[in-house]
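Spelled out from the first residue to the last, the chains are:
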Amino acid sequence: LPMKFVARGFNYSGKGDLTKDVFDLYTHTEMQSVDFYYYDVPYVLNKKLNADLITKINTRSLAFFFQKNNLLLNKLPVNFIGKFAFLKNGYSMDFAINSNDSDLHDMVTALPPQYLKWLENTDIKGTGNIDFKLAGLYNAADSTLPDLSLKIKIRNGYINNRRSPSPVSNLYMDFETALPGLDPDSLKVNLDSLHFNMGKDYLNAVLKVKGATNPLIYAKLNTELDLEKWNRAFGVK
């Protein structure tokens, strides 16, 4: 499979009637550090995981049904459901991961570490939703790949870097992207709305993109913004 999973400080306990062809497996898992790659793309790096899972397993067909899965990724509560089944020439998957009405600071801590250098000196408040899906068939013979989608909502966001004279406030965002068949040329990005204030400064934006090699782009931007304040607020160039 084109995925890599690394777990450190792994503690696992589970129970289920393994004598049956189909049974429910109840497990509790703790990992001090987790890395997850899919097609060499890191989606999770060096994150602490605490999970209580209920998985239905069909030993005849090698199918797994993730029925109830409550996870804590760092401090971010995540719900994970789906199914995974081996086929003759590949596998079928349908994964749904979401976190609703979550603390914005907890959402940010779940990002890969290279994006978090500025977090130590930054106060973050607000709420947000994350909805991630990976579903479809993987067949190496005919290069069939699953579909990927991601939706993120942020409400009442507040970001204040200690070096910034003005915090980012009233942060509002509706973002969604889709990658059918994991094909870059089928990429769809829809930043339906982005708004925030920095003191008297403001930004309102809409961005839509189709494709990656020769993208079709629609953008609308209305702003009056001091870029030096922006740089200080986020601590990045």
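Please refer to the structure placed before this passage.
Rules used in this analysis
- Residues numbered from 1 in each chain as written.
- Predicted model: local features only at pLDDT ≥ 70, side-chain atom pairs only at ≥ 80, totals over all residues.
- Heavy atoms only, no water.
- Pairing = 2+ DSSP bridges.
- Helix = DSSP H or I, 4+ residues; strand = E, 2+ residues; numbered from the N terminus.
- Axes fitted to C-alpha atoms, helices over the stretch in contact; angles between N-to-C directions.
- Phe/Tyr/Trp six-rings, centres within 6.5 Å; stacked < 30°, edge-to-face > 60°.
- Buried < 20%, exposed > 50% of the residue type's maximum accessible area, 1.4 Å probe, protein only.
- Salt bridge = Lys/Arg side-chain N within 4 Å of Asp/Glu carboxyl O.

Participant: I'm lost on the sheet that holds strand E10 (residues 188–198) in this one. Help?
Facilitator: The pairing of strands in a sheet happens through backbone hydrogen bonds and is either parallel or antiparallel. Overall, antiparallel pairing links the twelve strands, which are arranged E1-E2-E3-E4-E5-E6-E7-E8-E9-E10-E11-E12 in an open sheet. Each end of this open sheet is capped by a strand with a single partner; those strands are strand E1 (3–15) and strand E12 (216–224). Here the strands of the sheet are splayed against their neighbours by 15° on average, with no regard to which way each runs. Bridging between E10 and strand E11 (residues 201–210) involves nine bridges; their strand directions are antiparallel. When the sheet's bridge partners are listed, Leu194 is paired in E11 with Ala205.

Participant: Just to check I follow, could you spell out the packing of aromatic side chains for this structure?
Facilitator: Any pair of aromatic rings gets described here by the distance separating the centres and the angle formed by the planes. Summed over the entire model, instances satisfying the criterion amount to eight aromatic pairs. Between Phe84 and Phe95, the aromatic rings sit 6.2 Å apart at their centres with planes inclined by 5°, giving stacked as the arrangement. Taken together, the residues span a long stretch of sequence, with Phe84 in strand E5 (residues 76–87) and Phe95 in strand E6 (residues 90–103) at a distance of eleven residues. Given a relative accessible area of 10%, Phe84 falls into the buried group. The exposure class assigned to Phe95 is buried, which follows from its relative accessible area of 15%. Ring geometry for Tyr91 and Tyr138: centres 4.8 Å apart, planes at 20°, overall stacked. In this pair, Tyr91 sits in strand E6 while Tyr138 sits in strand E7 (residues 122–139), placing the two residues 47 residues apart along the sequence. Judged by its relative accessible area of 2%, Tyr91 falls in the buried class. With relative accessibility at 17%, the residue Tyr138 sits in the buried group. Grouped by ring-pair contacts, the aromatic residues Phe66, Phe80, Phe84, Phe86, Tyr91, Phe95 and Tyr138 constitute a single cluster.

Participant: Help me out: how do you make sense of unusual backbone geometry in this one?
Facilitator: Keep in mind that most residues, glycine aside, have a negative phi and that most peptide bonds are trans. For Asn74, which is not glycine, the phi dihedral falls at a positive 55°. Relative to the helices and strands, Asn74 is located in the loop between strand E4 (63–73) and E5. The phi angle at Asn156 is positive, at roughly 55°, despite the residue not being glycine. According to the relative accessible area criterion, Asn156 is exposed, its value standing at 64%.

Participant: I would appreciate a short explanation of the environment of Asp106 in the present structure.
Facilitator: When you line up the elements, Asp106 lands in helix H1 (residues 104–109). The exposure class assigned to Asp106 is buried, which follows from its relative accessible area of 16%. Along the primary structure Asp106 and Pro77 are separated by 29 residues, whereas in three dimensions their C-alpha atoms are 8.5 Å apart.

Participant: Any chance you could explain the pattern of salt bridges here in plain terms?
Facilitator: Close approach of charged atoms lets side chains of opposite charge pair. Per the stated rule, a full pass over the model turns up four salt bridges. With a shortest N-O distance of 3.0 Å, Asp24 and Lys56 are connected by a salt bridge. Here Asp24 is found in strand E2 (residues 22–38), whereas its partner Lys56 is found in strand E3 (residues 41–58), with 32 residues between them in sequence. On the accessibility criterion, Asp24 (25% relative accessible area) is partly exposed. Judged by relative accessible area, which is 27%, Lys56 ranks as partly exposed. Note that Arg155 is salt-bridged to Asp174, the shortest N-O span being 2.9 Å. Taken together, the positions of Arg155 in strand E8 (residues 147–161) and Asp174 in strand E9 (residues 168–179) put the pair 19 residues apart, joining distant regions of the chain. On the basis of relative accessible area, Arg155 is assigned to the partly exposed category, the value being 24%. Assessed through its relative accessible area of 14%, Asp174 is described here as buried.

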